[in-house]
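Architecture at a glance
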Amino acid sequence: MSLPQRNPGFDPRQLFASWGRILAGKVPMLSIEITRECPLSCPGCYAYGDSHLGGGVTLRQLADFRGDDLVNGVVGLVRKHKPLHVSLVGGEPLVRHRELSRILPILGEMNIFSLVVTSGIIPIPQEWMSIPRSRVAISIDGLPEHHDVRRKPATYEKILSNQAGREVNIHWTITRQMLQRPGYLEEYVNFWNARPEVNRIWVSVYTPQIGEESEERLQAGDRTRIAEELPALAKQYKKLLFNQGLADALLNPPKNPDDCRFAKLSANYSADLVSRVEPCVFGGNPDCSQCGCAISSGLHWIRTIKVAGPVKIDHFITSSIKIGNMANALRATSVKLPRWSGKLTPPVPRDLVQIDSGKS
């Protein structure tokens, strides 16, 4: 028996109903790393990479906030940008669950959709389930044989205990290791599709930094296999969000950050609530030719949809951004959006540091 759906999720219909905000020079999506703290040490975690914030400082070196300072700082950023959707990430955002229990109702009252992305290491407060327009997503990277090694101490056992009686989305990042055994993808989907707490299953593919060589990075042919298998699984398992449009976008990702509609339509802040994460949510030097971000793929697919004759959704997006950029230029107090003002230039590549996975 499934739990009743308490809150509708933010979807492309809400995003593309945001023309007015874009025309007024506002981004519809905001992402905030609300803390530098995390009890996990996941291999390949982009947030703790040396170049995530451009190479001058790392997430762990930033000053972050708690208590009233964090609540007021987050709400202040939201009021400044006036987005439709806010993602609250980390670090591990539930380290600040007390502050989030104050922030989320405020965002709901502002008619803003919110998403907390967690590892599941900390119990999800039951009272969050009744907050309007608020959702929680748990990152679960593979079956226990991979996830429990990669994300300990946020093991399957811990996650299942901490999500019991709640309603959550599952965010799955596929890495190279998960493609070594036939049937692995379906086994994962089957497990989480059957869980009564799960509303939706989103899929990302591991996105490396430029020059990265790691066990997680996909190899030639891996993306094709994913693109062939997942649309068929989505027809069988209704909680899995992955259609042929997403498969096509996975095989033909944005060429660069300037070509990425997710990068264009979002702003990302780190834990000091001042530092920007550029050129996209990954920061550093993401290899766009191997992008697997679920939201980026979704918007990259949607932009190709025709609305009238040869006119596609992307024509509206591009034109609206140009008008919004002009509107910002005419206002002295406007929020500066570097992703709208010119070509996005990633920071100079630096040596990558592979976070210890705990393997001996």
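Above: the structure in question.
Below, the structure is looked at part by part. (Residues numbered from 1 in each chain as written. Predicted model: local features only at pLDDT ≥ 70, side-chain atom pairs only at ≥ 80, totals over all residues. Heavy atoms only, no water.)

Focus: helix 8 (residues 222-236)
Its 15 residues give helix 8 an end-to-end C-alpha distance of 22 Å, which sits within 8% of 21 Å, the value for a rise of 1.5 Å per residue. Every buried residue of helix 8 is listed here: D222, R223, I226, A227, L230, P231, L233 and A234. In this structure, the buried residues of helix 8 make contact with strand 5 (168-174), helix 7 (184-193), strand 6 (198-205) and helix 9 (244-251). (Helix = DSSP H or I, 4+ residues; strand = E, 2+ residues; numbered from the N terminus. Expected span 1.5 Å × (residues − 1). Buried < 20%, exposed > 50% of the residue type's maximum accessible area, 1.4 Å probe, protein only. Contact = heavy atoms within 4.5 Å.)

Section: the nonpolar core
Among the nonpolar cores identified, the biggest contains 59 residues, and L88, W128, Y188 and L230 are the most heavily contacted of them. With residues up to four places along the chain from it excluded, the contact list for L230 reads W172, I174, L185, V203, L240 and F242. In terms of nonpolar packing, the next biggest core, distinct from the first, is built from 11 residues, M29, C260, A263 and C293 among them. (Core = buried A, V, L, I, M, F, W, Y, C linked by side-chain atoms within 4.5 Å.)

A look at the environment of A271
In this fold, A271 is placed in the loop between strand 7 (266-269) and helix 11 (294-302). By relative accessible area, which is 0% here, A271 ends up buried. The spatial distance from the C-alpha of A271 to the C-alpha of R60 is 9.0 Å, given a sequence separation of 211 residues. Once you skip the residues sitting within four places of it in the chain, A271 turns out to touch E33, T35, R36, L59, L62, A63, D64 and F65.

A word on the side chain of T58
Secondary-structure assignment places T58 in the loop between strand 1 (29-33) and helix 3 (67-81). Ignoring any residue separated from it by four or fewer positions in sequence, one finds T58 in contact with G49, D50 and L53.

Overview of unusual backbone geometry
The omega torsion across G90 and G91 is 15°, close enough to zero to call that bond cis. Position of G91 relative to the elements: it lies in the loop between strand 2 (85-89) and helix 4 (97-109). In this structure, the amide linkage connecting E278 to the following residue, P279, adopts the cis form with an omega of 5°. In this structure, P279 sits in the loop between strand 7 and helix 11. Despite not being glycine, L273 has its phi angle at roughly 65°, a positive value. With respect to the helices and strands, the residue L273 is situated in the loop between strand 7 and helix 11. We classify L273 as buried; its relative accessible area is 11%.

Regarding the packing of helix 7 against helix 8
Two elements in contact, helix 7 and helix 8, have axes separated by 11 Å at closest approach and are oriented at 30°. Viewed along their axes, helix 7 and helix 8 adopt a mutual orientation that is roughly parallel. The two elements helix 7 and helix 8 meet at a crossing, and its hand is right-handed. Contacts between helix 7 and helix 8 involve L185, E186 and V189 on the former and, on the latter, E229, L230, L233 and Q236. (Axes fitted to C-alpha atoms, helices over the stretch in contact; angles between N-to-C directions. Parallel < 35°, antiparallel > 145°, perpendicular 65-115°, else oblique. Left-handed = near helix turned anticlockwise from the far one by under 90°.)

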